[in-house]
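# Remarks on the overall topology
The chain contents come next:
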Amino acid sequence: MADSIFACIGIGSETSGGIRNVRIEHCKFTHAQSFAIYIKSRPGRGAFIEDIVANELDVSGMIGGFLRFNILNSGLQDQVPVPGDEGIPTIKNFSFSNIRVKDVPVLVDGTSIHPHKPLLGLTLINVSGTAAKGISLANIKQARIRNLNVTGIAGALISINNVTGTGLKGAALIDPPKLPEPVPVVAQP
């Protein structure tokens with residue numbers, strides 16, 4: 001797969017109906033303007049993104065990197081956004097295994113997640129290859145990270161803020177993500 005405009009696989013933006021049970025297997029990603037896989041939405045859209053599974057992937061030629069989550073500010077806001085925490089999309093059960101990367105700028109950018117609705121369940125298992133920057137995560141519960149064999153990384157392999165789980169020993173601490181303004185409650189006419 002290749003894309004000259006955005007990501008090879010983009011999941012999200014308009015999530016008001018929800019996204020569930022996506023399986024990505026045995027794929028070769030050869031070029032993208034951003035990331036091989038980009039999961040996205042924003043407060044105000046509500047609904048959910050859950051049960052995303054990716055296995056046996058080869059990734060090279062990405063301008064951004066392998067994987068990014070942006071649940072804070074991706075895409076245009078809805079005309080009538082859902083206010084408060086109900087408008088923050090629920091995200092859970094993202095699993096990535098047997099991933100081979102070659103010279104990607106960023107392995108994983110998983111920092112743009114709202115602390116009021118953290119990602120529940122992230123698995124990164126058997127990731128190998130070369131990358132310039134490692135894994136950055138924020139606002140994640142029940143992370144499982146193991147069998148990382150990635151070289152060429154400047155700085156920490158794993159950097160975290162408000163992340164719990166296994167495989168995080170020795171992770172560097174990073175600042176929390178900058179949050180967007182809350183979606184206001186509209187006064188009743």
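Anything mentioned here points back to the structure above.
Each value, and the rule that gives it
- Residues numbered from 1 in each chain as written.
- Predicted model: local features only at pLDDT ≥ 70, side-chain atom pairs only at ≥ 80, totals over all residues.
- Heavy atoms only, no water.
- Salt bridge = Lys/Arg side-chain N within 4 Å of Asp/Glu carboxyl O.
- Helix = DSSP H or I, 4+ residues; strand = E, 2+ residues; numbered from the N terminus.
- Buried < 20%, exposed > 50% of the residue type's maximum accessible area, 1.4 Å probe, protein only.
- Polar contact = N/O pair within 3.5 Å; in protein donor to acceptor, adjacent residues only side chain to side chain.
- Contact = heavy atoms within 4.5 Å.
- Phe/Tyr/Trp six-rings, centres within 6.5 Å; stacked < 30°, edge-to-face > 60°.
- Lys, Arg positive; Asp, Glu negative; His and termini not counted.
- Core = buried A, V, L, I, M, F, W, Y, C linked by side-chain atoms within 4.5 Å.

### Observations concerning the pattern of salt bridges
- Inspection of the entire model under this criterion finds seven salt bridges.
- Note that Asp58 and Arg100 form a salt bridge whose closest N and O atoms lie 2.8 Å from each other. Taken together, the residues span a long stretch of sequence, with Asp58 in strand E6 (residues 48–60) and Arg100 in strand E8 (residues 90–112) at a distance of 42 residues.
- We classify Arg100 as partly exposed; its relative accessible area is 31%.
- Bridged by salt links that share partners, the residues Arg20, Glu50 and Lys92 form one connected network.

### Section: the side chain of Arg68
- Tracing the sequence through the fold places Arg68 in strand E7 (residues 65–70).
- With relative accessibility at 18%, the residue Arg68 sits in the buried group.
- Reaching out from Arg68, the side chain makes a polar contact with the side chain of Tyr38 at a distance of 2.8 Å.
- Not counting residues up to four positions away in its chain, the partners in contact with Arg68 are Phe35, Ile37, Tyr38, Ile39, Asp109 and Ser112.

### Description of the packing of aromatic side chains
- Under the definition given, this model contains five aromatic pairs.
- Relative to Tyr38, the ring of Phe35 has its centre 6.1 Å away and its plane inclined at 75°; by these criteria the two rings are edge-to-face. Here Phe35 and Tyr38 have matching classes, each one buried.
- Members of the aromatic cluster, each reached through a chain of ring pairs, are Phe66, Phe69, Phe94 and Phe96.

### Overview of the side chain of Arg42
- With respect to the element layout, Arg42 can be found in the loop between strand E5 (35–40) and E6.
- Although Arg42 is buried, it forms no salt bridge, and the closest oppositely charged side chain is Asp78 at an N-O distance of 7.5 Å.

### Observations regarding the nonpolar core
- Counting residues in each nonpolar core, the largest one holds 47 residues, and the members touching the most others are Phe29, Ile37, Ile39, Phe66, Phe94 and Phe96.
- Considering each element in turn, this core owes the most residues, 11 residues, to strand E9 (residues 119–151).
- Excluding its chain neighbours within four sequence positions, the residues that come into contact with Phe66 are Phe35, Ala36, Ile37, Leu57, Val59, Phe96, Ile99, Val101, Val104, Val106, Leu107 and Val108.

Such coordinate-based values are descriptive only and should not be taken to indicate function.
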